[in-house]
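Spelled out, the chains give:
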Amino acid sequence: MVDDNATNRQILEEIVVNWGMIPIVAADGVAALSALERAVGASPDLVLLDVMMPEMDGFKLAARIRQRPELKITRIIMMSSAGRPSDEALLRELDISRLLVKPVKQSDLLNAITNALGVSMREDEGEGAVGPARPHTAPGLRVLLAEDGAINRQVAVDLLTKRGHRVEAVGNGQEAVEAAEHGSYDLVLMDVHMPVMDGLAATAAIRALARAECARVPIIALTASATPADRERCLAAGMDGYVTKPFRASELFRVVEQYQPKPASAVAGPATAIPEQPAAAEASALDWDGALSNLDGDAALLRELAAMFLVEYPKLTAAIDAAHAGGDAAELRRAAHTLKGAADVIGAGGVVTAAQRLANLGREGRLEPVPEAQRALAAELDRLRPLLQRAASGA
């Protein structure tokens with residue numbers, strides 16, 4: 001993986017590590033060639049190259065790589081902020097698998113990698129990988145994670161991957177059922193509220209699958225609401241326990257790691273009681289220390305999640321606006337619930353309270369008070385934004 005921009009290198013490295021890959025990182029062409037010399041006998045399966053680099057650009061580096069017999073079949077993906085008229089010819093000449101335009105979306109990068117390596121997102125090997133090139137000797141559990149919230153999904157993947165587990169993440173219940181039908185997992189973490197198919201329906205569908213593994217695989221609910229009635233609904237659907245959101249590293253590890261790679265009939269106990277949300281007047285705009293504690297002290301991850309929140313929340317508020325304008329109470333509840341979960345992860349108590357009010361209105365089908373609740377949410381986001389921008393930058 002070669003890029004002269006330090007921030008780009010760090011982001012790419014975190015992404016591919018989360019997918020189970022083992023990166024070799026270099027800041028320029030000379031350093032990359034030296035790293036390849038040292039890696040003799042263990043040539044990489046894939047090379048990610050930035051095009052625009054000083055002294056030796058990506059195309060020159062790719063040409064040097066292709067001169068090495070042991071790297072003739074290594075797949076190369078290039079990334080550029082702008083194309084050039086000669087790119088197409090060079091891509092064919094150098095056997096470049098894909099040229100991606102920056103900024104590169106994670107989904108586009110993953111598709112490019114899986115296509116280049118000729119592997120599927122869901123191989124039937126029973127390894128349950130989230131991405132390609134994961135070593136088959138990696139320790140830990142094979143976990144299927146179903147979570148529609150981008151920030152909560154990132155938290156769970158980061159925490160579990162760093163702990164040595166292998167995670168395949170999907171965004172709704174239908175995708176979880178399809179993954180369970182074709183893959184093999186030691187554990188399923190299932191968000192309760194998801195689009196397309198919710199977690200309860202997905203759990204029932206997995207239990208109904210003909211494969212014996214699907215009948216006994218432990219399924220743990222992920223929910224921000226852990227009342228006795230909620231727990232009964234989860235158990236009735238075929239779940240074995242639950243973890244409350246926002247995720248707390250110690251709680252997530254405790255529930256997940258009670259299952260061995262080949263469990264017989266273990267049942268997860270209930271997670272710790274969900275803490276009461278503060279009243280709107282008392283809610284903290286940003287409890288950074290509390291959020292950091294929940295993430296096992298991983299400051300780099302929390303800064304990444306804060307930056308993600310700044311990108312994601314305008315999409316969710318836009319979805320809330322559209323749902324209200326269209327009279328869609330169910331979509332209003334879903335978008336507000338997702339925003340609440342994302343805010344909870346980063347310790348934004350005021351936004352949590354305001355988003356929960358909107359989610360409640362959506363659940364109750366009461367749209368008249370929504371504009372006032374939207375204004376309260378906008379005020380909390382305005383209060384949060386500068387604090388979060390400073391925190392995300394490390395200031």
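Description of the structure in this document. (Residues numbered from 1 in each chain as written. Predicted model: local features only at pLDDT ≥ 70, side-chain atom pairs only at ≥ 80, totals over all residues. Heavy atoms only, no water.)

## Topic: the sheet that holds strand β1 (residues 46-50)
As a general point, the strands of a sheet are linked pairwise by backbone hydrogen bonds and lie either parallel or antiparallel. Put simply, the rule reads: The rule for pairing is simple: two strands pair if DSSP sees at least two bridges between them. In DSSP terms, a helix is any run of H or I states spanning at least four residues, a strand is any run of E spanning at least two, and both are numbered starting from the N terminus. Angles shown run from 0 to 180 degrees and are taken between the N-to-C directions of axes, each axis being a line fitted to C-alpha atoms and, for helices, limited to the stretch in contact. Pairs of residues are marked as contacts when any of their non-hydrogen atoms sit within 4.5 Å.
Strand order in the open sheet formed by three strands is β1-β2-β3, with parallel pairing between adjacent strands. The open sheet has two edge strands with one neighbour each: β1 and β3 (98-101). The sheet shows a mean angle of 20° between the axes of neighbouring strands, taken without regard to direction. Across the sheet, helix α3 (residues 58-66) touches β1 and β2 (75-80), and the angle it forms with β1 is around 155°.

## So, the side chain of Thr-203
If you trace the backbone, Thr-203 turns up in helix α8 (residues 199-207). Among all residues touching Thr-203, those that are not within four sequence positions of it are Met-190, Ile-219, Ala-237, Gly-238 and Met-239.

## Describing the nonpolar core
What counts is decided by this rule: Take the buried Ala, Val, Leu, Ile, Met, Phe, Trp, Tyr and Cys residues and link them wherever side-chain atoms come within 4.5 Å; each set so joined is a nonpolar core. Each residue gets one of three labels from its accessible area relative to the maximum for its type: buried under 20%, exposed over 50%, partly exposed in between, using a 1.4 Å probe on protein chains only.
The biggest cluster of nonpolar side chains holds 61 residues, and the ones touching the most others in it are Leu-189, Leu-305, Phe-309, Leu-339 and Val-351. A total of 10 residues in this core trace back to one element, the largest contributor, which is helix α13 (residues 299-325). Residue contacts for Leu-339: discarding those within four places in its chain leaves Phe-309, Tyr-313, Leu-316, Thr-317, Ile-320, Val-351, Ala-355 and Leu-377. Within the second largest apolar cluster, 25 residues are counted, among which are Val-170, Ala-180, Val-188 and Ala-221.

## Focus: the pattern of salt bridges
Keep this limit in mind: Only one rule defines a salt bridge in this text: a Lys or Arg side-chain nitrogen within 4 Å of an Asp or Glu carboxyl oxygen.
In the structure shown here, the tally under the stated rule is 15 salt bridges. A salt bridge links Glu-37 to Arg-68; its shortest N-O distance comes to 3.3 Å. Of the two residues, Glu-37 is situated in helix α2 (residues 29-38) and Arg-68 in the loop between α3 and β2; the sequence distance between them amounts to 31 residues. Under the relative-accessibility criterion, Glu-37 is labelled partly exposed at 49%. Among the ionic pairs, Asp-186 bridges to Arg-142, the shortest N-O distance being 2.8 Å. Taken together, the residues span a long stretch of sequence, with Asp-186 in the loop between α7 (173-182) and β6 (187-191) and Arg-142 in strand β4 (residues 142-146) at a distance of 44 residues. In terms of burial, Asp-186 and Arg-142 fall into one category: buried.

## Brief notes about the sheet that holds β4
An order of β5-β4-β6-β7-β8 is seen for the five strands of this open sheet, with the pairing classed as parallel. One side of each edge strand has no neighbouring strand; the edge strands of this open sheet are β5 (166-170) and β8 (241-244). Across the sheet, the mean angle separating the axes of adjacent strands is 25° when strand polarity is ignored. Note: β4 against β6, four bridges, orientation parallel. Residue pairing for β6: Leu-145 is matched across the bridge by Leu-189.

## Digging into the packing of α13 against helix α16 (residues 370-392)
Quick note on the threshold: Orientation categories follow fixed angle ranges, with anything under 35 degrees roughly parallel, anything over 145 roughly antiparallel, 65 to 115 roughly perpendicular, and all other angles oblique. Should the near helix be turned anticlockwise from the far one by less than a right angle, the crossing is termed left-handed; should it be turned clockwise, right-handed. Basically, the charged four are Asp, Glu, Lys and Arg, the nonpolar ten are Ala, Val, Leu, Ile, Met, Phe, Trp, Tyr, Cys and Pro, and anything else, Gly included, counts as polar.
Contact pair α13 / α16: the axes reach a minimum separation of 10 Å and the direction vectors enclose 165°. Considering their axes alone, α13 and α16 lie roughly antiparallel with respect to each other. For the element pair α13 and α16, the recorded crossing hand is left-handed. Seen from α13, the contacting residues are Arg-303, Ala-306, Ala-307, Phe-309, Leu-310, Tyr-313, Thr-317, Ile-320, Asp-321 and His-324; seen from α16, they are Val-370, Pro-371, Gln-374, Leu-377, Leu-381, Leu-384, Arg-385, Leu-388, Gln-389, Ala-391 and Ala-392. When the residues that make up the contact of α13 with α16 are grouped by side-chain class, the tally is 14 nonpolar, four polar and three charged.

## Considering the environment of Gln-174
Along the chain, Gln-174 turns up in helix α7. In this structure, the C-alpha to C-alpha distance between Gln-174 and Met-197, residues 23 residues apart in sequence, is 5.5 Å. Residues in contact with Gln-174, not counting those within four places in the same chain, are Val-196 and Met-197.

## Some remarks on the pairing of β4
Heads up, the rule is: If you view a crossover with the strands going away from you and the path from the first strand over the helix to the second runs clockwise, you call it right-handed.
Within β4, five of the five residues are buried, which leaves it mostly tucked inside the rest of the structure. Across the two faces of β4 the burial is the same, with Arg-142, Leu-144 and Ala-146 and Val-143 and Leu-145 all buried. Two elements, β4 and β5, share five bridges in a ladder whose sense is parallel. Each bridged residue has a counterpart across the sheet, and for Ala-146 the counterpart in β5 is Val-170. Each parallel crossover has a hand, and the one from β4 via helix α6 (residues 150-162) to β5 is right-handed.

## Focus on α13
Our working definition: Here, expected helix span is obtained from the residue count minus one, scaled by 1.5 Å. Whenever a nitrogen or oxygen atom comes within 3.5 Å of another N or O atom, the pair is scored as a polar contact, on the condition that within protein one atom can donate a hydrogen and the other can accept it, and that pairs from neighbouring residues in sequence are kept only if both atoms are in side chains.
With 27 residues, α13 extends 39 Å from end C-alpha to end C-alpha; this agrees with the ideal 39 Å at 1.5 Å per step. When we look at burial in α13, the residues that qualify are Leu-301, Leu-302, Glu-304, Leu-305, Ala-306, Met-308, Phe-309, Tyr-313, Leu-316, Thr-317, Ile-320 and Ala-323. Between a side-chain oxygen at the N-terminus of α13 and the backbone nitrogen of Ala-300 the separation is 3.4 Å; the capping residue is Asp-298.

## Quick word on the environment of Arg-363
Mapping Arg-363 onto the fold places it in helix α15 (residues 349-364). Remark: the alpha-carbon pair of Arg-363 and Leu-332, spanning 31 residues in sequence, is separated by 8.4 Å.

Purely geometric stuff here, so don't read any function into it on its own.
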